[in-house]
Amino acid sequence: MSFEDSIRGLADDGIPWAFLSAALVVLVLTPLVARLAPRIGGVDHGGDRPRVHTRPVPRIGGVAIVVAILAAAAVWADIDGPYTGMLIGTGLVALVGLYDDINGLRPSAKLAAVALVALIPVVGWDLRIEHVTLPFVGDHDIGWASVPLTLLWVTFLANLVNLIDGMDALAAGIVAIASGSFALLAVSFGRADAAVLAAIVCGATLGFLRHNYHPAKIFMGDSGALALGFLLALIAVEGVLKTAATIALAGPLLVMAVPILDTSFVVLKRLKYRRPPWSPDHNHFYHRFLRIGFSQRRTAAYLHLWAILLSAYAILVRFVPPRPQGVWDGGAVILLSSIGVVVLAASVWMAYTLEILKARHLQALGLGRLVRAEMGDDEVGPPEREDERQDTVERTVTAGYR
């Protein structure tokens, strides 16, 4: 399906009404949930992990988001087949998150609970990644590995969204961008039901931003972050990953690249300094932006723009494939390569700004000129005793959270 046809497809099958109804329900319910939060212990006072806010804030906004999604889906989505399992699982994961928001759960217990609930759609409704399409290799059925691979994908993505939910508007904006992208991709593959559900998620998260934008009046909490990541993962499976196109694999990875990169970097950093992977610290991308002087709004805007850039590239690859029908298209290859360089350069600049890539890393990659241009010194090189300085920074940003 062409890009124009896909855009027109978004106007069919009740997708606009599904989007609007979810947004409206969230706008109405969120203030009510905020009033309920103090009565049931659903207020974030800080102290259990690093925060960027300094005042108590209700943190069960996910209840409004999930109720809106389930209500809109009941009206506008065809909930036969795997969609029943998807929505049941989403509701149960939201309850797990709500319990954590109120009473607290160990990270390992949350991880196990999400994986257990994921068995409902994956095994009960046979919703799984059945094959993988790779460039130059083709489409391959993965057989028995489909179940553990799908469970890993769902659990991984649920926790990705949960981990980036540490700053006003960040997680809601990332999910809105991802779900909007999945809606367009699903329509292009002829999967209208998945597109409707993705549009509902997009509407619900955009509606929630009205109350979650800095300074936030309410957080989505684990009840929202876990449930949204869980549902996004399943939408990606049903709407994109089940197709045979090469972009079926690359698309979701590009769309979710920002939280994937963020979590990967943070976990590797913790392992490097011999800390448990789930131990809290101030090493997420948004923490680093704030440390170099960005405001919360500017930080969220930069990370949202980065996510939009990567999602747009995924959509471009879908509609301008380099190898349609197995025959290389020179014009498409040149276009994708040129824009890919821009996307990569923007990502490298972002990583360098956040000091994830340092002078010595860029020089090792042959990009030392970026450092010299930034410093205005042709002789600049990796600073001496960088490891010692980095160790000091690590000890500082994790002080009190070991």
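What counts and what doesn't
- Residues numbered from 1 in each chain as written.
- Predicted model: local features only at pLDDT ≥ 70, side-chain atom pairs only at ≥ 80, totals over all residues.
- Heavy atoms only, no water.
- Helix = DSSP H or I, 4+ residues; strand = E, 2+ residues; numbered from the N terminus.
- Buried < 20%, exposed > 50% of the residue type's maximum accessible area, 1.4 Å probe, protein only.
- Contact = heavy atoms within 4.5 Å.
- Core = buried A, V, L, I, M, F, W, Y, C linked by side-chain atoms within 4.5 Å.
- Axes fitted to C-alpha atoms, helices over the stretch in contact; angles between N-to-C directions.
- Parallel < 35°, antiparallel > 145°, perpendicular 65-115°, else oblique.
- Left-handed = near helix turned anticlockwise from the far one by under 90°.
- Nonpolar A, V, L, I, M, F, W, Y, C, P; charged D, E, K, R; others polar.
- Phe/Tyr/Trp six-rings, centres within 6.5 Å; stacked < 30°, edge-to-face > 60°.
- Lys NZ or Arg CZ within 6 Å of the ring centre and 35° of its normal.
- Salt bridge = Lys/Arg side-chain N within 4 Å of Asp/Glu carboxyl O.
- pLDDT = per-residue confidence, 0-100.
- Patch = residues over 30% accessible without salt bridge, like charges linked within 9 Å, V, L, I, M, F, W, Y side chains within 5 Å.
- Areas by Shrake-Rupley, 256 points an atom, 1.4 Å probe, with all protein chains shown as cover.
- Expected span 1.5 Å × (residues − 1).

Looking only at helices and strands, one finds 17 helices and four strands in the protein chain. Relative to its 402 residues, the protein chain shows a buried fraction of 51%. Of the contacts formed within the protein chain by residues at least 6 apart in sequence, a portion of 72% connects residues at least 24 apart.

The next point concerns the nonpolar core. Grouped together as the largest cluster of nonpolar side chains are 109 residues, with contacts concentrated most on W153, F182, F230 and M256. It is helix α9 (residues 221-241) that provides the largest number of residues to this core, a total of 14 residues. Contacts of M256, omitting those with residues within four sequence positions, involve L157, V161, A178, F182 and L232.

Turning to the packing of helix α5 (residues 107-124) against α9, a few remarks are in order. The interhelical angle for the contact between α5 and α9, taken along N-to-C directions, is 40 degrees, at an axis separation of 12 Å. Our classification of the angle between α5 and α9 gives oblique. Helix-helix and strand crossings are classified by hand; for α5 and α9 the assignment is right-handed. Side by side, α5 and α9 meet where K110, V114, V117, A118 and P121 of the first sit next to D222, L226, F230 and L234 of the second. The residue inventory of the contact of α5 with α9, partitioned by class, reads seven nonpolar, no polar and two charged.

Considering all chains together, one arrives at seven aromatic pairs under this definition. Considering the side-chain rings of F294 and Y302, the 5.1 Å spacing of their centres and the 75 degrees angle between planes classify their relative orientation as edge-to-face. Take F294: its relative accessible area is 11%, and that puts it in the buried class. The partly exposed category is assigned to Y302, whose relative accessible area is 23%. Members of the aromatic cluster, joined through ring pairs, are F289, F294, Y302 and W349. If you follow R298 out to its NZ or CZ, it ends over the ring of F294, 4.0 Å from the centre. Stacked on the ring of F319, the Lys or Arg R318 has its end atom at 5.5 Å from the ring centre.

Residue P215 is bonded to the preceding H214 through a cis peptide linkage, with omega at -5 degrees. On the secondary structure map, P215 appears in the loop between α8 (192-212) and α9. A positive phi angle is found at D126, which is not glycine, with a value near 55 degrees. Looking at the secondary structure, you find D126 in the loop between α5 and β3 (131-134). Although it is not a glycine, A169 adopts a positive phi angle of roughly 75 degrees. Along the chain, the position of A169 falls in the loop between α6 (146-164) and α7 (170-188).

Further remarks concern the pattern of salt bridges. Counted according to the given criterion, the structure contains seven salt bridges. R59 is paired through a salt bridge with D44; the nearest N and O atoms lie 3.8 Å apart. Of the two residues, R59 is situated in the loop between β2 (57-58) and α3 (62-76) and D44 in strand β1 (residues 43-44); the sequence distance between them amounts to 15 residues. In terms of burial, R59 and D44 fall into one category: buried. Here the residues in one salt-bridge network are D100, K110 and D222, joined through shared partners.

With that settled, the discussion passes to the side chain of H211. Mapped onto the fold, H211 is located in helix α8. Every residue in contact with H211, bar those within four places of it in the chain, is listed here: L27, T30, P31, A216, K217 and I218.

Turning to the confidence of the model for the protein chain, a few remarks are in order. If pLDDT is low for a region, its predicted coordinates should not be looked at in detail. Scored by pLDDT, the protein chain has a mean of 85; 84% of the residues are at 70 or more. A low-confidence stretch, residues 379-385 stays under pLDDT 50, and its non-local contacts, those more than four residues away or across chains, total 12 contacts.

A cluster of nonpolar side chains, W17, L20, V75 and W76, forms an exposed patch at the surface whose accessible area comes to about 450 Å². For the nonpolar patch, the elements supplying multiple residues, two or more each, are α2 (15-40) and α3. Mapping L20 onto the fold places it in helix α2.

Inspection of the secondary structure puts F19 in helix α2. Considering only alpha carbons, one finds F19 and L197, 178 residues apart in sequence, at a separation of 8.7 Å. Not counting the four nearest positions on each side in its chain, F19 is found in contact with A199, C202, G203 and L206.

Compared with the 30 Å implied by 1.5 Å per residue over 21 residues, the 30 Å span of α8 between its first and last C-alpha is a close match. Across the 21 residues of α8, 17 count as buried, placing the element largely inside the fold.

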